[in-house]
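Structure assessment
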Amino acid sequence: MNTEDFNFLVECPIKAPSGHNTQPWKFQNIDTGIIIQPDFKRALSVVDAENYELYISLGCALENLLIAAKQKGYNCLIKYPSNASDTIVIDITKDNSGKDTHDVLFNEITKRQVTKSKYNDKANSDRVLQQLSSSFNFEGVSLRILNGKKNYETIIPLIIEANNLQFNNKDFLNELVHWIRFSKNEAEKKKDGIWSATMGMPGLGRFLGGLVMKNFVTAKSEEKRLIDLLNHTQGLAIFISDTNNAEAWVKTGQAFQRFGLTATHLGISHAHLNMPCEESAVRQKLAKVLGLENKYPLLLIRYGYSEKMPYSYRRNLEEVIIND
């Protein structure tokens, strides 16, 4: 692929979401297309020991790439990873059918964000919920939407239970603090991680910010914050996979990305509340509450209407490209 088109295609996946905004991906231009390589130097070894969320992030990046490829008139054939250390290989050929292959979601790639603020009380219409429900079609991945607090009240105790497990774990907290950027200057310099402003936090600087996080943020204070968020959330979207392997994780990421882009197109905000899926014991309880048998709830997202928050930073193109 020529360099100009390759760069165009890669500019889109680097805008995809990832756990703690670690951006755990590399892209390689090969004769037949593009390889998406997992970057395990950016893995979250505590909160994501299986690397399943890392591969969900790669799936989000992949879907952005596929949407961008349509803009350039390319057909793509995907070779999914066979294990949790494998790459994603995309064979790319020119589409000579003459058909318009553009995807309406392309324009949402730069607008989409994970919005971590409280949402307002505006309800979602049946039409909007139907559009969210039908936002993707990937074999083996389904979506359960719990709209309105009365429909997701049984999930709240599991969110709190998983939150308590995580914030009582010093290794989890250290990993989280490592990836928080406590000032705009640090966020601009690193171009990754969770910029404190995206969470509505003041710019404290690394020393003071780390001190506050490690000494004053507790499981109890986080529980209070989460309950406040859930009281200002219109609904929860749960992504469910028939299997629990690298290919399924990537497809779950693709599904989530199409959901997120569709939500953006509809003016709806979304953010992760994935703690119950990250803690294996709580994930089993979540599956039971949802009435799932031999299926895996992999991703929990809240949604609603809100104003935009500051955008997270992304690394430059040259930092994510593998040069031969």
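In short, a report on the structure. (Residues numbered from 1 in each chain as written. Predicted model: local features only at pLDDT ≥ 70, side-chain atom pairs only at ≥ 80, totals over all residues. Heavy atoms only, no water.)

A closer look at the sheet that holds strand S3 (residues 74-79)
As summarised here, the arrangement of the 5 strands in space is S3-S4-S2-S1-S11, forming an open sheet in which the pairing is mixed. A single partner strand is all that each edge strand has here, and the edge strands are S3 and strand S11 (321-322). Summarising the sheet, strand S1 (residues 25-30) and strand S2 (residues 33-38) pair through 6 bridges and their orientation is antiparallel. Looking at S2, one finds that Ile-30 is bridged to Gly-33. (Pairing = 2+ DSSP bridges. Helix = DSSP H or I, 4+ residues; strand = E, 2+ residues; numbered from the N terminus.)

Some details on the nonpolar core
Ranked by size, the top nonpolar core spans 81 residues in total, and within it Phe-27, Ile-155, Ile-159 and Phe-239 carry the most contacts. Per-element accounting of this core gives the leading share, 13 residues, to helix H2 (residues 52-71). The contact partners of Phe-239, leaving out residues within four places of it in the chain, are Phe-136, Ser-142, Leu-143, Thr-252, Ala-255, Phe-256, Phe-259, Tyr-296, Pro-297, Leu-298, Leu-299 and Ile-301. Among the nonpolar cores identified, the runner-up in size contains 14 residues, and Leu-44, Phe-172, Val-177 and Phe-182 belong to it. (Core = buried A, V, L, I, M, F, W, Y, C linked by side-chain atoms within 4.5 Å. Buried < 20%, exposed > 50% of the residue type's maximum accessible area, 1.4 Å probe, protein only. Contact = heavy atoms within 4.5 Å.)

As for the packing of helix H5 (residues 156-167) against helix H9 (residues 219-230)
Two elements in contact, H5 and H9, have axes separated by 9 Å at closest approach and are oriented at 150 degrees. Overall, the two elements H5 and H9 adopt an arrangement that is roughly antiparallel. For the crossing formed where H5 meets H9, the hand is right-handed. Residue-level contacts link Ile-156, Ile-159, Ile-160, Asn-163, Asn-164 and Phe-167 of H5 to Ala-219, Glu-222, Glu-223, Leu-226, Ile-227 and Leu-230 of H9. Taken together, the residues of the contact of H5 with H9 break down into 8 nonpolar, 2 polar and 2 charged. (Axes fitted to C-alpha atoms, helices over the stretch in contact; angles between N-to-C directions. Parallel < 35°, antiparallel > 145°, perpendicular 65-115°, else oblique. Left-handed = near helix turned anticlockwise from the far one by under 90°. Nonpolar A, V, L, I, M, F, W, Y, C, P; charged D, E, K, R; others polar.)

A short note on the pairing of strand S8 (residues 235-241)
Counting buried residues along S8, 7 of its 7 residues qualify, which places the element largely inside the surrounding structure. Here S8 shows two buried faces, one formed by Gly-235, Ala-237, Phe-239 and Ser-241 and the other by Leu-236, Ile-238 and Ile-240. Direction of pairing for S8 relative to strand S10 (residues 296-304): antiparallel, over a ladder of 7 bridges. Bridge pairing links Leu-236 to Arg-302 in S10.

Digging into the state of the cysteines
Evaluation of the coordinates by the stated rule reveals 0 disulfides. Between Cys-12, a cysteine without a disulfide, and Cys-76, which holds the nearest cysteine sulfur, the sulfur-to-sulfur distance is 12 Å. We classify Cys-12 as buried; its relative accessible area is 8%. Left without a disulfide partner, Cys-277 is nearest to the cysteine sulfur of Cys-60, which lies 14 Å away. Using a relative accessible area of 0% as the deciding quantity, one classes Cys-277 as buried. (Disulfide = S-S within 2.5 Å.)

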